[in-house]
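The chain contents come next:
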Amino acid sequence: MRVRTGARGRAVADAAVAVAAGVFTIGMLRQGGLGAAEPGYRELDALGVVLAVASVSPLLLARRFPGVAWAVVAAGTLALLVFDYGLDVPPGALIATYLLAEAVGGERRRRLAAAVAVAAFVPAAMTVMVLERQPLLSMSSGLFAWVAMFALVWIAGDRSHLRRQRIAELEEHARLREQDMAAQRRLAASEERTRIARELHDSAGHAINVILVQAGAARLLHRRDADRSLRAIETIEEVAHGTVADIDRLVRALREGDEPAGPAPADTVALEELVDRHRASGLDVSATFHGARRGLPSGVAWAAYRILQEALTNAARHGSGTADVRMSYGPAAVDIEVSNPVGVRRRSGGGLGIVGMRERAALLDGTLEAATGEAGTFRLSARLPYAAAT
């Protein structure tokens, strides 16, 4: 719709320019020139009107066919000179020259051909005047005026082309930049959704493993130790409630594209509380914490929390019910080491949980190693620097 409106506006402007040039030409021919009518000029008649119209009417199509329009206008202008009408200034030819220079500004061959044609027009007009027995000396001032007018008009048309070309380049640059920014926003949103999905996987996987362990404990202890069985069932209920809340929060974030709402681990206290919860759920955890409690960058806090959570979940699921945790809050990084004996030797590479933990550590320029030793002890160690997260 905008393109049609712009084309219609240009067509109206071209028609107005052609009409104005025609009225000016006819008025000039009627007066025998711009100044006082000199003897020997032919008075305006029907032929003069036809030639005047022919010298301006092609301007209506000059934007679509600049070369053809300029040739027809030049021919009409020369015809007016041949029949000795008082044409001191050729408005149609000047306007056609401007439009021609504007149209061919970026093409070398067409530009050269157009420049040669325009440069040859003034000598051709002067030749016609000389052939009409007009003294060359009296035409010298007019000759210089015509040369100056056509040169200035050509330069103006060429500058206009360059300006339009520059505007088009800027618009294209802005469009490409907007597309690039949109692509970056989509990529950032995709990465954020991937991160949220990973959080959902970790949270749900941890909860399901805890529930499996506690359900098995409740089943085995149902008759021998009713109190411990009841505590296991209570742990299952607590973990299930928390998991439902996490899933609701994360799925809502995936659906709405927002940051997950809710509390996030922000310091080392959350890590110690995580160990206490696993200990309360039945896992025999011995924990050693080196360094004073401190706040952590959010990236390090989340990564440390999820890595420790995954490691303890693996210890409860694949181990013999015990785990040894060593945490060190150093001046430059958090060091995590979790070891637990395993009943069945597991591969060093681990499953998707180990892959996710390695990815979290790598995003912080940290390291994570996980392997099962010869003694049947699975050991995980991670180092998470503060600097990358900051």
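Just above sits the structure.
Attention here is on the structure that accompanies the text. Owing to the predicted nature of the structure, the values given are computational and were not obtained by experimental measurement.

The subject of this paragraph is the overall build of the protein. The secondary structure content of the protein amounts to 11 helices and 5 strands. Burial statistics for the protein: of 390 residues in total, 38% are counted as buried. Once local pairs closer than 6 in sequence are excluded, the contacts in the protein between residues at least 24 apart make up 71%. Accessible surface computed for the protein: about 22300 Å², of which carbon and sulfur atoms make up 60%.

We now examine the nonpolar core. Judged by nonpolar contacts, the single largest core of 36 residues is most densely connected at Leu308, Ile336, Leu380 and Leu384. Elements with a contribution of two residues or more to this core: α8 (268-280), α9 (298-318), β2 (322-329), β3 (333-341), α10 (352-363), β4 (367-372) and β5 (377-385). Ranked by residues supplied to this core, first place goes to α9 with 10 residues. Beyond its immediate chain neighbours, meaning those up to four positions away, Leu308 contacts Leu271, Leu274, Val275, Val325, Met327, Ile336 and Val338. Ranked by size, the runner-up nonpolar core spans 35 residues in total, among them Met28, Val56, Trp70 and Trp154.

Okay, helix α2 (residues 46-54) next. For α2, the complete set of buried residues consists of Gly48, Leu51 and Ala52. Taken end-on, α2 shows its buried residues confined to a sector of 105°, consistent with a single buried face. For α2, exposure combined with an orientation more than 90 degrees from the buried face picks out Ala46 and Val50. Looking at where α2 begins, the residue whose side-chain oxygen comes 3.3 Å from the main-chain nitrogen of Leu47 is Asp45.

Take the sheet that holds β2 next. With respect to topology, 5 strands assemble into an open sheet ordered β1-β2-β3-β5-β4, the strand pairing being mixed. One side of each edge strand has no neighbouring strand; the edge strands of this open sheet are β1 (284-290) and β4. Each strand of the sheet is rotated relative to its neighbour by a mean of 10°, with strand direction disregarded. Pairing between β2 and β3: 6 bridges, direction antiparallel.

This part takes up the packing of α8 against α9. Running from amino to carboxyl end, α8 crosses α9 at an angle of 15°, the nearest separation of the two axes being 10 Å. The orientation of α8 with respect to α9, classified from their angle, is roughly parallel. Where α8 crosses over α9, the two elements pack in a sense that is right-handed. Residues Ala270, Leu271, Leu274, Val275, Arg277 and His278 of α8 form the contact with α9, whose participating residues are Ala304, Tyr305, Leu308, Gln309, Leu312 and Thr313.

On the surface, a nonpolar cluster with roughly 450 Å² of combined accessible area is contributed by Leu60, Leu61, Phe65, Val68 and Val72. Judged by its relative accessible area of 39%, Val72 is partly exposed.

Overall, the coordinates contain 12 salt bridges when judged by the stated rule. For the salt bridge of Asp276 with Arg279, the shortest nitrogen-to-oxygen distance reads 2.9 Å. Highlighted residues: Asp276 and Arg279, both in helix α8, separated by 3 residues, approximately one helical turn. What makes Arg279 partly exposed here is its relative accessible area of 34%. Ionic pairing is found between Arg379 and Glu337, a salt bridge with its closest N-O pair at 3.5 Å. Here Glu337 lies in strand β3 and Arg379 lies in strand β5, a separation of 42 residues in the sequence. For Arg379, a relative accessible area of 41% translates into the label partly exposed.

So, on to the pairing of β4. Burial along β4 is one-sided: Leu368, Ala370 and Thr372 are buried, and none of Thr367, Glu369 and Ala371, which face the opposite way, are. Adjacent in sequence and paired antiparallel, β4 and β5 are bridged by 4 residues, among which Gly376 carries a positive phi angle near 80°.

Packing of α2 against helix α3 (residues 66-82) leaves a shortest axis separation of 8 Å and a crossing angle of 155°. With respect to α3, the axis of α2 lies roughly antiparallel. Judged by the sense of rotation from one axis to the other, the crossing of α2 with α3 is left-handed. The residues of α3 that touch α2, namely those facing Gly48, Leu51, Ala52 and Ala54, are Val72, Val73, Gly76, Ala79 and Leu80. Tallied by class, residues from the contact of α2 with α3 come to 7 nonpolar, 2 polar and no charged.

Thresholds applied
Residues numbered from 1 in each chain as written. Predicted model: local features only at pLDDT ≥ 70, side-chain atom pairs only at ≥ 80, totals over all residues. Heavy atoms only, no water. Helix = DSSP H or I, 4+ residues; strand = E, 2+ residues; numbered from the N terminus. Buried < 20%, exposed > 50% of the residue type's maximum accessible area, 1.4 Å probe, protein only. Contact = heavy atoms within 4.5 Å. Areas by Shrake-Rupley, 256 points an atom, 1.4 Å probe, with all protein chains shown as cover. Core = buried A, V, L, I, M, F, W, Y, C linked by side-chain atoms within 4.5 Å. Arc of directions from axis to C-beta. Polar contact = N/O pair within 3.5 Å; in protein donor to acceptor, adjacent residues only side chain to side chain. Pairing = 2+ DSSP bridges. Axes fitted to C-alpha atoms, helices over the stretch in contact; angles between N-to-C directions. Parallel < 35°, antiparallel > 145°, perpendicular 65-115°, else oblique. Left-handed = near helix turned anticlockwise from the far one by under 90°. Patch = residues over 30% accessible without salt bridge, like charges linked within 9 Å, V, L, I, M, F, W, Y side chains within 5 Å. Salt bridge = Lys/Arg side-chain N within 4 Å of Asp/Glu carboxyl O. Nonpolar A, V, L, I, M, F, W, Y, C, P; charged D, E, K, R; others polar.

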